[in-house]
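Geometric and topological summary
If you want the building blocks of each chain, they are given just below.
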Amino acid sequence: MAQVQIDNIQMAYTDVGSGRPVVLIHGYPFNRSLWNEQIAALSGSYRVIAPDLRGFGESDSSDGPSTMNRMAQDVALLLDHLGIPRITIGALSMGGYVTLAFYKQFASRVRALILADTRAQADTEEAKQTRARQAEKALSEGMAGIADAMLPKLLTPETVSKRPEVVKRVRDMMLKTKPEGAAAALRGMAERDDQTSLKISVPTLIIVGAEDAITPVADSEKMNQAIPGSRLVVLENAGHVSNLERSEKFNEALLDFLSESSS
Ligand code: MLT
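Per chain, the residues get numbers from 1 upward, laid out in the order the sequence is written. Reporting in this predicted model follows two pLDDT cut-offs: at least 70 for local features of residues, and 80 or more for side-chain atom pairs to be given and counted; totals over whole chains, interfaces and linings ignore these cut-offs and use all residues. Calculated side-chain values reflect all of the structure's heavy atoms, with hydrogen atoms and water omitted.

Across the sheet, eight strands lie side by side as 1-2-4-3-5-6-7-8; this open sheet has mixed pairing. Of all the strands in the sheet, the pair left with one neighbour each is strand 1 (2-6) and strand 8 (231-235). Each adjacent strand pair in this sheet contributes to an overall mean axis angle of 20 degrees, direction not counted. Whether two strands pair depends on DSSP finding at least two bridges between them. Labels follow the DSSP assignment, with helices taken as runs of H or I lasting at least four residues and strands as runs of E lasting at least two, numbered in each case from the N terminus. Pairing of strand 3 (residues 21-25) with strand 4 (residues 47-51) involves three bridges; the strand directions are parallel. Bridged to V22 within strand 4 is V48. Its contacts with the sheet place helix 9 (residues 217-226) against strand 6 (110-116), strand 7 (204-209) and strand 8, and it is angled at close to 170 degrees to strand 7. Against the sheet, helix 11 (residues 247-262) contacts strand 3, strand 5 (87-92), strand 6, strand 7 and strand 8, and its axis sits at roughly 160 degrees relative to strand 6. Helix axes are fitted only over the stretch in contact, all axes being lines through C-alpha atoms; the angle between N-to-C directions runs from 0 to 180 degrees. Whether two residues are in contact is decided by their heavy atoms, any of which lying within 4.5 Å being enough.

In an α-helix, one turn spans 3.6 residues; hence positions three or four apart end up facing the same way. The span you would expect from a helix comes to 1.5 Å times its residue count less one. The end-to-end C-alpha distance of helix 3 (residues 94-106), which contains 13 residues, comes to 18 Å, matching closely the 18 Å that a straight helix rising 1.5 Å per residue would cover. Only protein chains enter the calculation, and the probe is 1.4 Å; a residue is then buried if its accessible area is under 20% of its type maximum, exposed if over 50%, and partly exposed in between. Burial runs high along helix 3: ten of the 13 residues are buried. Within helix 3, burial applies to M94, G95, G96, Y97, V98, T99, L100, A101, F102 and Y103. Looking at the buried positions of helix 3, the neighbouring elements they touch are strand 3, helix 2 (68-82), strand 5, strand 6, helix 4 (125-141) and helix 8 (179-190).

A few words now on the packing of aromatic side chains. Ring pairs shown here join Phe, Tyr and Trp side chains whose ring centres sit within 6.5 Å, with only the six-membered ring taken for Trp; geometry is labelled stacked below 30 degrees between planes, edge-to-face above 60, and tilted in between. Counting across every chain of the model gives three aromatic pairs. Ring geometry for Y28 and F56: centres 6.3 Å apart, planes at 90 degrees, overall edge-to-face. Of this pair, Y28 sits in the loop between strand 3 and helix 1 (36-42) while F56 sits in the loop between strand 4 and helix 2, and the two are 28 residues apart along the sequence. Here Y28 matches F56 in class, with each residue buried. Each ring, one from F102 and one from F106, has its centre 5.0 Å from the other, and the planes form 50 degrees; the classification is tilted. Here F102 pairs with F106, and both are found in helix 3, just four residues apart, close to one helical turn.

Pasting the structure below:
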C-alpha cells in the first residue's frame, strides 16, 4: 500500500499499471477495494490510481465535515504528489459527487469522466436531515446498523438472495469504515453543491444499474441529457453497486469508453 501526507491526513492509495492515468473514486461508505475488479481489468493498459478518500479505508479521518470540495482537493494534491497533470476520472456514487466537485475546480486536469450510479443534484432538506441522523447513529452505535439498513438498497434482491460473496464483500467494506469518517462524509454530502448546471465539455460515460434504488436511472438520464455527447449505459440485473454486481459488463463499458476517449 502506498501512503502520502495530504493536507492534514495520511492518504492511502493504490497506483498500478502504466499508460494514460485513470483515477477511480469510491462511494460511501466503502474504500478503494470497491474497485478491485476494475483495477485488475484496466491496469494492463492504463495507470490506475485509486485513493481511499479522507476518513475511509486506510486513510485518516479529520475533524469537521469531509466536504466534496475538500475530498476533490485531496485527489488533486495526490496527483500533484504523483506528478500527474491530467487524468480520466471515474467514480461511483459519492465518488461521483467528489468527481463533479473536482471537475468544477480543476476542469483543465480532466481528460474524460465516468460517472457511475451517481447524480448531479444536491440533497433535499429531508435528505440532509436523514444524513444528520445517520451521522449521529454511526458515531453512537458504529457501522453495523448502517450497513444492515443500507444493504438492501445497495444490491438487487437477487444479489442479496443468491450471491452471498457479493453481500459479504459490500458488508465487510461498510463494517471496516471508521464511524467518524462515515459521519464526516455524511455531513459533507449534506452540504454539497448542486452541480446540475455545471458545464461539462469532456467525453463522459454514465453507467447505472437498472435497479439502482439510491441514485435511480432517472438521475443518470438527467445527467445524460445535460452533458453534451455523453453516453449512458444501463446495466440490467444491477443495483447501486453496479461495478460489483455486473463487473464484467461494467468493465467492458469502461474499456470501450477509455479506448475511444484516448484516441
Ligand atoms: C454512495 O453510495 O456513495 C452513497 O450512497 C451516496 C449517497 O448516499 O448519496
